[in-house]
Amino acid sequence: MKLSTILASAVLIALGLFASAYALTGVPVLLVLCGGNVTALRVLLSFGGVAAGWLLFWLIAFRPLKFVS
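Since we're looking at a predicted model, the values are computed, not measured.

K.L.:
Please set out the overall build of the protein chain residue by residue, giving values where relevant.
P.N.:
Along the backbone of the protein chain there are three helices and zero strands. For the protein chain, the α and β elements follow one another from N to C terminus as α-α-α. Here the C-alpha atoms of the protein chain give a radius of gyration of 15 Å, more than 25% beyond the 11 Å that 2.2 N^0.38 yields for 69 residues. Here the protein chain, with 69 residues, has 13% of them falling under the buried criterion. Long-range pairs, those at least 24 residues apart, make up 56% of the contacts in the protein chain with a sequence separation of at least 6. Of the roughly 5300 Å² of accessible surface on the protein chain, 76% is carried by carbon and sulfur atoms.

Take a look at the structure:
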């Protein structure tokens, strides 16, 4: 469970960095990394969606910030 949460966080951080590089330079970094293959790009973006869903579930189910005050 902990490993999947760490991997989901890493995927979202990487997608955020690639999105910010695209916003700053105008070069679609993920599309370049996929070799121009739109299907591979959609697969990577769907992994990001699954990672976001997992983290949302994890935050709701386990409440890691419950005792932070």
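From this point, the narrative continues.
K.L.:
Quick one: what's the story with helix α1 (residues 2-25), residue by residue and with numbers?
P.N.:
Here α1 spans 35 Å end to end across 24 residues, near enough to the 34 Å set by a 1.5 Å rise per residue. Taken together, the buried positions of α1 are Thr 5, Ala 8 and Leu 15. On its buried face, α1 sits against α2 (29-33) and α3 (38-62). Among the residues trailing α1, Gly 26 stands out with phi positive, at a value near 85 degrees.

K.L.:
Now, about the packing of aromatic side chains: what can you tell me, with residues and values included?
P.N.:
Overall, the coordinates contain two aromatic pairs when judged by the stated rule. Ring centres of Trp 54 and Phe 57 lie 5.3 Å apart, and the angle between their planes is 45 degrees; on these two criteria the pair is classed as tilted. Here Phe 57 and Trp 54 lie together in helix α3, a separation of three residues that amounts to about one turn. You can call Trp 54 partly exposed: its relative accessible area is 24%. A residue is classified by how much of its surface remains accessible, and Phe 57, at 42% relative accessible area, is partly exposed.

K.L.:
Report on α3, specifying residues and quantitative values.
P.N.:
An α-helix turns once per 3.6 residues; consequently, residues spaced three or four apart project the same way. Its 25 residues place the ends of α3 36 Å apart at the C-alpha level, agreeing with the 36 Å of an ideal helix rising 1.5 Å per residue. Among the residues of α3, those classed as buried are Leu 41, Gly 48, Ala 51 and Leu 55. One side-chain oxygen at the N-terminal end of α3 lies 3.1 Å from the backbone nitrogen of Thr 39; it belongs to Asn 37. Following α3 by one or two positions, Arg 63 adopts a phi angle in the positive range, close to 40 degrees.

Thresholds applied
- Residues numbered from 1 in each chain as written.
- Predicted model: local features only at pLDDT ≥ 70, side-chain atom pairs only at ≥ 80, totals over all residues.
- Heavy atoms only, no water.
- Helix = DSSP H or I, 4+ residues; strand = E, 2+ residues; numbered from the N terminus.
- Rg over C-alpha atoms; globule rule 2.2 N^0.38 Å.
- Buried < 20%, exposed > 50% of the residue type's maximum accessible area, 1.4 Å probe, protein only.
- Contact = heavy atoms within 4.5 Å.
- Areas by Shrake-Rupley, 256 points an atom, 1.4 Å probe, with all protein chains shown as cover.
- Expected span 1.5 Å × (residues − 1).
- Phe/Tyr/Trp six-rings, centres within 6.5 Å; stacked < 30°, edge-to-face > 60°.
- Polar contact = N/O pair within 3.5 Å; in protein donor to acceptor, adjacent residues only side chain to side chain.

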